[in-house]
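Coordinates in review
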Amino acid sequence: MPRSLIDLELEDAAKIDPDEYLQAALRWHFSEETGSPLWLELARDLDFDPLTDVRSFDDLGRFPDIARHLRERPVEDLLPRGLAGEPAPSVFETGGTTGSPKRLVYTDRWVQRALAWKADELREAGFPAGAPWLVAMPSGPHAFGHTTRLQAKALGSVLHTVDLDPRWVKKLIAAGGSADDYLAHVIDQLGHVIRSQRIAAVTTTPPIFAELLLDEELTDRLRHSLRYLAFAGAHLDDDTYDLIAETFPDAVVQNIYGSTMVLTTARLRTPTAPPPSAVYDGYPPFVVFSVLDPDTGEPVEYGRRGQVRMSHISSGVFIPNNLERDSAIRVAAPGGIGDALSSPRPLAAFEGEQVVQGVY
């Protein structure tokens, strides 16, 4: 089974018919020679033939949600046989907001592809390449810390980091405790960096930055040097954004939206757009979004809010039908493959469990 079609170089991806790519990916993932043990096993119980009955991206909803398997199965079962002999992939985990963490495999080829997308987006946004960048996000088993370090190297920026442990904070809050002590611990570490370095870019979560704004000294120091500010990992409400934009009028502010389940963040259609008006595109044919009525599973009308479904299709991973813990407003996508999103925000509950954000 040739893999050239599903391992397109970025410059070739725009030339291929998305449906042709989808068919090549299905042949790859459902061939005994190249598919993963997980999908070859699951295929035996499907009530349709993936090779003949899936004709478009809309049909991806026929596949089961494999989240449970990503929590329980050995990573070896997730790897396509066609990748045997290639460098071992990186394994990253989700935050565990809605249960046990899920494990995803990131091939080197995919990491480089996503890095190129993100670096281009940051340059277009006016990221101060070459200037110091402070990131307070999860590292360890999480992809964010790893990919941010690669982005900093690509942009020639020194990276300062403060680690977050989102699982501990969520556990604390779910048990009725408070995140205040943990927030103070993080702000103390951020202060050490901000007082000693001329920070031009910051990436963190809205709750952490809102807490940092309460420290007048740190805010004043950043006001003089900050040119880029990005948020991820938690919902950024409009009132908090307005306060930040007023405090840092010289900084570009981005709200990043993505998911470990699709191995990347969404593409900001206009990287400099203020977060309240941001539109988030997928990367068809590799990453495709849909906005669905949670009761019927059917697409909502354009301009209406529904639950987000994400799909990832590459030679390393096939996740065709992953329901996210978020809702968003459905926007027409360029090219008509899937949907674009606006105003994403977490659901109150997901899979029967309350969604706890904490600081991430």
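Residues numbered from 1 in each chain as written. Predicted model: local features only at pLDDT ≥ 70, side-chain atom pairs only at ≥ 80, totals over all residues. Heavy atoms only, no water.

Per an unreviewed UniProt entry, the protein chain goes by the name Phenylacetate-coenzyme A ligase PaaK-like adenylate-forming protein and belongs to Nocardiopsis composta.

1. Digging into a negative patch on the surface
There is a patch of like negative charges on the surface, built from Asp-237, Asp-238, Asp-239, Asp-242 and Glu-246. By the secondary structure assignment, Asp-239 is in helix H11 (residues 238-247). Its relative accessible area of 64% is what places Asp-239 among the exposed residues. (Patch = residues over 30% accessible without salt bridge, like charges linked within 9 Å, V, L, I, M, F, W, Y side chains within 5 Å. Areas by Shrake-Rupley, 256 points an atom, 1.4 Å probe, with all protein chains shown as cover. Salt bridge = Lys/Arg side-chain N within 4 Å of Asp/Glu carboxyl O. Lys, Arg positive; Asp, Glu negative; His and termini not counted. Charge placed at Lys NZ, Arg CZ, Asp CG, Glu CD. Helix = DSSP H or I, 4+ residues; strand = E, 2+ residues; numbered from the N terminus. Buried < 20%, exposed > 50% of the residue type's maximum accessible area, 1.4 Å probe, protein only.)

2. What about the sheet that holds strand S6 (residues 228-231)?
Overall, parallel pairing links the five strands, which are arranged S4-S3-S5-S6-S7 in an open sheet. The two strands at the open ends of the sheet, each matched to only one other strand, are strand S4 (159-164) and strand S7 (252-255). Going from strand to strand, the sheet's axes swing by 10° on average, the running direction of each strand aside. One ladder, built from three bridges, connects strand S3 (residues 133-138) with strand S5 (residues 201-204); its direction is parallel. (Pairing = 2+ DSSP bridges. Axes fitted to C-alpha atoms, helices over the stretch in contact; angles between N-to-C directions.)

3. Describing the pairing of S5
Because side chains alternate across S5, one face comprises the buried residues Ala-201 and Thr-203, and the other comprises Val-202 and Thr-204, equally buried. With four bridges connecting them, S5 and S6 associate as parallel partners. In the sheet register, Val-202 faces S6, and the bridge partner there is Leu-229.

4. Observations regarding the environment of Asp-180
Position of Asp-180 among the secondary structure elements: in helix H8 (residues 180-196). Measuring from C-alpha to C-alpha, the distance between Asp-180 and Glu-211 comes to 9.4 Å, with 31 residues separating the pair along the chain.

5. With respect to the pattern of salt bridges
Counted by the stated rule, this structure contains 14 salt bridges. As a salt-bridge pair, Glu-93 and Arg-103 come within 3.6 Å of each other at their nearest N and O atoms. Taken together, the residues span a long stretch of sequence, with Glu-93 in strand S1 (residues 90-93) and Arg-103 in strand S2 (residues 103-106) at a distance of ten residues. The exposure class assigned to Arg-103 is partly exposed, which follows from its relative accessible area of 30%. Two residues, Glu-217 and Arg-195, come together in a salt bridge whose shortest N-O distance is 3.1 Å. Note that Glu-217 is positioned in helix H10 (residues 216-225) and Arg-195 in helix H8, a separation of 22 residues in sequence. Since its relative accessible area comes to 39%, Arg-195 is described here as partly exposed. By sharing partners, the salt bridges in this structure join Glu-41, Arg-73 and Asp-77 into a single network.

6. Points about unusual backbone geometry
In this model, Pro-284 is joined to Pro-285 through a cis peptide bond whose omega is 5°. Among the structural elements, Pro-285 can be located in the loop between strand S11 (279-281) and strand S12 (287-292). A positive phi angle, near 65°, is found at Leu-263, a position not held by glycine. Position of Leu-263 relative to the elements: it lies in the loop between strand S8 (258-259) and strand S9 (264-265).

7. Quick word on the packing of aromatic side chains
Following the criterion strictly, the structure yields 18 aromatic pairs and no others. Here the aromatic rings of Phe-48 and Phe-63 are separated by 5.2 Å at their centres, their planes lie at 80°, and the arrangement is edge-to-face. Placement of the pair is Phe-48 in the loop between helix H3 (37-43) and helix H4 (67-72) and Phe-63 in the loop between H3 and H4, with a sequence separation of 15 residues. For the pair shown, Phe-48 and Phe-63 are each scored as buried. Here the aromatic rings of Trp-110 and Trp-117 are separated by 5.4 Å at their centres, their planes lie at 80°, and the arrangement is edge-to-face. Residues Trp-110 and Trp-117 agree in their burial class; the two are buried. Cluster of aromatic residues (ring-pair linked, three or more members): Tyr-21, Trp-110, Trp-117, Tyr-283 and Phe-286. Its guanidinium or amino end placed over the ring of Phe-286, Arg-113 lies 4.1 Å from that ring's centre, counting from NZ or CZ. For the cation-ring pair, Arg-330 lies above Tyr-302, with the distance from its terminal atom to the ring centre recorded as 3.9 Å. (Phe/Tyr/Trp six-rings, centres within 6.5 Å; stacked < 30°, edge-to-face > 60°. Lys NZ or Arg CZ within 6 Å of the ring centre and 35° of its normal.)

8. Here we look at the pairing of S4
Here six bridges tie S3 to S4, and the two strands are oriented parallel to one another. Each residue of the ladder has a partner; that of Val-135, found in S4, is Thr-161.

9. Focus on H11
Since the α-helix packs 3.6 residues into each turn, any two residues three or four apart lie on the same face. Looking at H11, one finds that the buried residues are Thr-240, Tyr-241, Ile-244 and Thr-247. Down the axis, H11 shows its buried residues gathered within 130° of arc, on one side only. Seen from the buried face of H11, the exposed residues on the opposite side, beyond 90 degrees, are Asp-239 and Glu-246. Where H11 is buried, its residues meet helix H9 (206-212), H10, S6 and S7. (Arc of directions from axis to C-beta. Contact = heavy atoms within 4.5 Å.)

10. What to know about helix H6 (residues 143-155)
Taking 1.5 Å as the rise per residue, H6 with 13 residues should run 18 Å; its terminal C-alpha atoms sit 18 Å apart, in good agreement. Listed in full, the buried residues belonging to H6 are Ala-143, Phe-144, Gly-145, Thr-148, Gln-151, Ala-152 and Leu-155. Along its buried surface, H6 packs onto S1, S2, helix H5 (108-125), S3, S4 and S5. Immediately downstream of H6, the backbone of Gly-156 shows phi near 70°, a positive value. (Expected span 1.5 Å × (residues − 1).)

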